[in-house]
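Spelled out from the first residue to the last, the chains are:
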Amino acid sequence: MSNDPNRAKSTPRAFSGIQPTGDVPHLGNYIGALRNWVDLQDSTDGIYCIVDLHALSVPREPGEVGRATLQMARVMLAVGIDPERSTLFVQSRVREHSELAWFIQCVTAFGELRRMTQFKDKSESNDFVSSALFTYPTLMAADIVLYDTDVVPVGDDQRQHLEIARDVTQRFNSRFGDVLVVPEARIAEVGARIMDLQNPQNKMSKSSDSVLGTVSLTDTEDEIARKFKRAVTDNDAEVRFDPENKPGVSNLLTILAAAKRTDPATEAENYTQYGPLKTDTADAVIEMIRPIQKRMAELDDGTVSELLTAGEDRAREKASEVMERVRRAVGLF
Ligand code: AQP
C-alpha cells in the first residue's frame, strides 16, 4: 500500500500500460495483462495507459503509432476497461512522463540497464538500436511512479522491468526523502506467459512474424480454429502439464485453463489425445473473444477519441501533483 504521507486513500492504485504496436493485441496481451486490468477495476483505482512513447524506441513510419494508438484504445474499451471507473489515456499526451523519466535516469546505473534481457533480445533483432531502447525501463519506471502506483498488473516478461523500477524508486527516495511510492508487480498465476503456438519456446509477441503462432483478438473463428489445429505439440502423445518438457501441450492447457478460469494441470486430466485438446482450446478462445469483437465493431473513432481526452485530463491532474513533489524534493531553482 502507498507510503505517500500526502495521500489519504483506502483503495490501492493500479497502473499498467500497453504499446500500440502490431495491429491489435494478441491472446498473450489479453490473458497476461488486459483481462487482469478489467478484473482489478472492482478492487483498485486503475490507471491504464497506451504507451506510445515506448513504441518509438524502434523505428516507425510517420503516423503509424497514432493510428495504432486509436485502434488499441478501441480494443481496451472493448475488453472492458470502463472509463467511468478507470483512467484510460495516451502516454505522450501527459508530458510529465518524459519529464519524470529524466529524473529517474539520473538515479539509474548504466550497469543496471545493461543487464535487461529485453534490451539484449530486442537489440539483436533490430538493425538500428536506439538509445531509447536501452533507457526504456527508466521511462517505464516513471510511467508507474508518476501515479503513486501500488500494484502493476503485468505479464511475466515484465518481471525484470518491475524489479528495476522498484530499485530505482527506492534509490530516489533514499536520496531525496520519502517522495515516491514503491510499486509491486501483480503477475497472474495462470497465463502470465502465453507462448507462440508454432514456437512454444518463445512468448507470443505482437512484433513477431509468426503469423500462425500468434492469435490476434481480431482473428476470425476460422483463423483461430486453424491456428490451434496446427499448433506445435510433440511426438509422445501424452497430455500432461509440464512446461519444461512439453512446452507446446502445456501452452495449450494454459490457454484453455485461462479461458475457462480453471487450472492447467486439472484440465490435463480431461484429455488423452492432442486433437480434442486443440479443438476445445480453440472453442474456448472463440467464446472468450466473441463479445470483445462485437463491442469493437460498435465503437466509433469519435467516441474513442473523446474518452481518451477525458482520461488524459484526469491523468494530467494526478501526474502534475507527483511531478511537483519530485521537483520540490530535488530542490531545483
Ligand atoms: N505472451 C505473453 N503472455 C502474457 N502476457 C504478455 N504480455 C505481452 N506478451 C505476453 C503482456 O502484455 C502487456 C503489454 O505488453 P506490451 O505491448 O507493452 O509489450 P510487450 O511485452 O513487448 O508485448 P509484445 O506483444 O511482445 O509486443 P512487442 O512485440 O511490440 O514487443 C504487458 O503487461 C506484457 O507483460
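Reading the values: the criteria
Residues numbered from 1 in each chain as written. Predicted model: local features only at pLDDT ≥ 70, side-chain atom pairs only at ≥ 80, totals over all residues. Heavy atoms only, no water. Axes fitted to C-alpha atoms, helices over the stretch in contact; angles between N-to-C directions. Helix = DSSP H or I, 4+ residues; strand = E, 2+ residues; numbered from the N terminus. Parallel < 35°, antiparallel > 145°, perpendicular 65-115°, else oblique. Left-handed = near helix turned anticlockwise from the far one by under 90°. Contact = heavy atoms within 4.5 Å. Nonpolar A, V, L, I, M, F, W, Y, C, P; charged D, E, K, R; others polar. Buried < 20%, exposed > 50% of the residue type's maximum accessible area, 1.4 Å probe, protein only. Pairing = 2+ DSSP bridges. Right-handed = clockwise from strand over helix to strand, strands pointing away.

Draft legend 1. Summary view of the packing of helix α3 (residues 64-79) against helix α12 (residues 274-298). Direction vectors running N to C along α3 and α12 enclose 125°, while the axes themselves pass 8 Å from each other. In this view, α3 runs oblique relative to α12, as classed from their interaxial angle. The chirality of how α3 crosses α12 is right-handed. Where α3 approaches α12, its residues Gln71, Arg74, Val75, Ala78 and Val79 are matched on the opposing element by Ile292, Arg295 and Met296. A per-class count over the contact of α3 with α12 returns five nonpolar, one polar and two charged.

Draft legend 2. Up close: the pairing of strand β1 (residues 13-18). Among the six residues in β1, five count as buried, and that is most of the element. As defined by bridge partners, β1 adjoins strand β2 (residues 45-50) across six bridges and the pair is classed as parallel. Looking across to β2, one finds that Arg13 is bridged to Asp45. Crossover connection from β1 via helix α1 (residues 27-40) to parallel β2: handedness right-handed.

Draft legend 3. How the structure looks around the environment of Gln273. Among the structural elements, Gln273 can be located in the loop between α11 (264-268) and α12. Judged by relative accessible area, which is 53%, Gln273 ranks as exposed. Each C-alpha atom, one on Gln273 and one on Glu238, is 6.8 Å from the other, the two residues being 35 residues apart in sequence.

Draft legend 4. Spatial organisation of the packing of helix α6 (residues 117-125) against helix α7 (residues 131-145). Their axes nearest at 10 Å, the elements α6 and α7 cross at an angle of 160°. Relative to α7, the element α6 is oriented roughly antiparallel. The crossing of α6 and α7 is right-handed. Facing Gln118, Phe119, Lys122 and Ser123 of α6, the residues of α7 in contact are Leu133, Phe134 and Tyr136.

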